[in-house]
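Fold and contact review
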Amino acid sequence: MAIHATSKNPERALMLIDLLQNDKEIHDLTMYGIVGKHYEPVGDDQFTPGPSSTNYTGFSNWGWNSLLNRTDTTYPKEADEMLNQWQEHVYHYPLETFVFDDSKVKNEVSNLGNVMLRYAIPLEYGLIQDIEKGQADLIKQLQAAGIDKVSAEMQSQVDAFLAAQK
């Protein structure tokens, strides 16, 4: 779910998202449909499909998944076991939640984007006949646009982020 930057009432949109995620009755209705028709609750965290479950797809409810989600009792146990085994082997990279703050190098980042459009894309599409000259031009333009300054700023932020993780 996202709220557009120009939204006149972003707090109202956040309130709706909060309701969809945290109000059990609204959450169940939007996720699973009408009780007795589209689904039957099983306890607080499971459900079985109802007689008209195929008429309620719930295809767009992924935007407000929450801890209130119910598990389908008809879902194969083998699939859950496979998922659990797979999750045991997932590796979380130290930088997977890092977000670069470009506020100190905003102009350089913009310039680099322009250079990539002007010099890199034609290279990628094979439109440049002399590839070595094209690569040399790209590197020269990236350096002129400030890639070294952006790289240094990013490394500084990465170092600080990793130090804070310890």
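In this text the structure is predicted, and so the values were computed from the model without any measurement.

**Focus: the pattern of salt bridges**
All chains considered together, the criterion is met by five salt bridges. In this structure, Lys106 engages Asp102 in a salt bridge whose closest nitrogen and oxygen atoms are separated by 3.1 Å. Given a relative accessible area of 22%, Asp102 falls into the partly exposed group. The shortest N-O distance in the salt bridge between Lys149 and Glu108 comes to 3.1 Å. Here Lys149, found in helix H6 (residues 147-165), pairs with Glu108, found in helix H4 (residues 106-124); they are 41 residues apart in sequence, far enough to count as distant. The exposure class assigned to Glu108 is buried, which follows from its relative accessible area of 16%. Each of Lys24, Asp28 and Arg70 takes part in one network of salt bridges that share partners.

**A look at the sheet that holds strand E2 (residues 46-49)**
Pairing between sheet strands relies on hydrogen bonds along the backbone, with the strands arranged either parallel or antiparallel. Spatially, three strands are ordered E1-E2-E3 in an open sheet, and the strand pairing comes out mixed. Looking along the sheet, the strands with just one partner apiece sit at the ends: strand E1 (39-42) and strand E3 (71-72). Strand direction decides the pairing type here: E2 and E3, joined by two bridges, are parallel. The residue bridging Gln46 from the neighbouring strand is Thr71, located in E3.

**Considering helix H5 (residues 131-145)**
Here H5 contains 15 residues, and its C-alpha end-to-end distance of 21 Å stays within 8% of the 21 Å for a straight helix at 1.5 Å per residue. Next to the buried residues of H5 lie H4 and H6. At the C-terminal side of H5, Gly146 shows a positive phi close to 110°.

**Some points on the packing of aromatic side chains**
All told, the structure shown has five aromatic pairs when counted by the stated rule. An angle of 40° between the planes, with centres 4.7 Å apart, marks the rings of Tyr32 and Phe47 as tilted. Within this pair, whereas Tyr32 is found in helix H2 (residues 24-32), its partner Phe47 is found in strand E2, the two being separated by 15 residues in sequence. By the burial criterion, Tyr32 is buried, and Phe47 matches it. Clustering of aromatic rings is evident, with ring pairs tying together Tyr32, Tyr39 and Phe47. Above the face of the Tyr119 ring, Arg118 is positioned so that its terminal group lies 4.8 Å from the ring centre.

**Concerning the environment of Gly63**
With respect to the secondary-structure elements, Gly63 resides in the loop between E2 and E3. Overall, the relative accessible area of 12% leaves Gly63 in the buried class. C-alpha of Gly63 to C-alpha of Thr74: the two residues are eleven residues apart in sequence and 23 Å apart in space.

**Brief notes about the pairing of E1**
The pairing of E1 with E2 spans four bridges and is antiparallel. The residue of E2 that forms the bridge with Pro41 is Phe47. Taking the residues between adjacent antiparallel strands as the criterion, E1 and E2 are bridged by three residues, where Gly43 takes a positive phi near 65°.

Cut-offs applied
- Think of each chain on its own: its residues are numbered from 1, step by step along the sequence as written.
- Confidence filtering applies because this is a predicted model: local features only for residues at pLDDT of at least 70, side-chain atom pairs given and counted only at 80 or more, and all residues used for totals across whole chains, interfaces and linings.
- As a rule here, side-chain values come from all non-hydrogen atoms in the structure, and water together with hydrogens is ignored.
- By definition, a salt bridge exists where a carboxyl oxygen of Asp or Glu is found within 4 Å of a side-chain nitrogen of Lys or Arg.
- The buried label applies to any residue whose accessible area, calculated with a 1.4 Å probe on protein chains only, is under 20% of its type's maximum; exposed applies above 50%, and partly exposed to all values in between.
- Where helices and strands are cited, they refer to DSSP runs of H or I of at least four residues and of E of at least two residues respectively, numbered from the N terminus.
- For two strands to count as paired, DSSP must find a minimum of two bridges between them.
- By this rule, a helix spans an expected 1.5 Å times one less than how many residues it contains.
- Two residues form a contact once any of their heavy atoms are found within 4.5 Å.
- Any Phe, Tyr or Trp ring, taking Trp's six-membered ring, that has another such ring centre within 6.5 Å forms a pair; planes under 30 degrees apart are called stacked, those over 60 apart edge-to-face, and the others tilted.
- By definition, being over a ring means that NZ of Lys or CZ of Arg is both within 6 Å of the ring centre and within 35 degrees of the ring normal.

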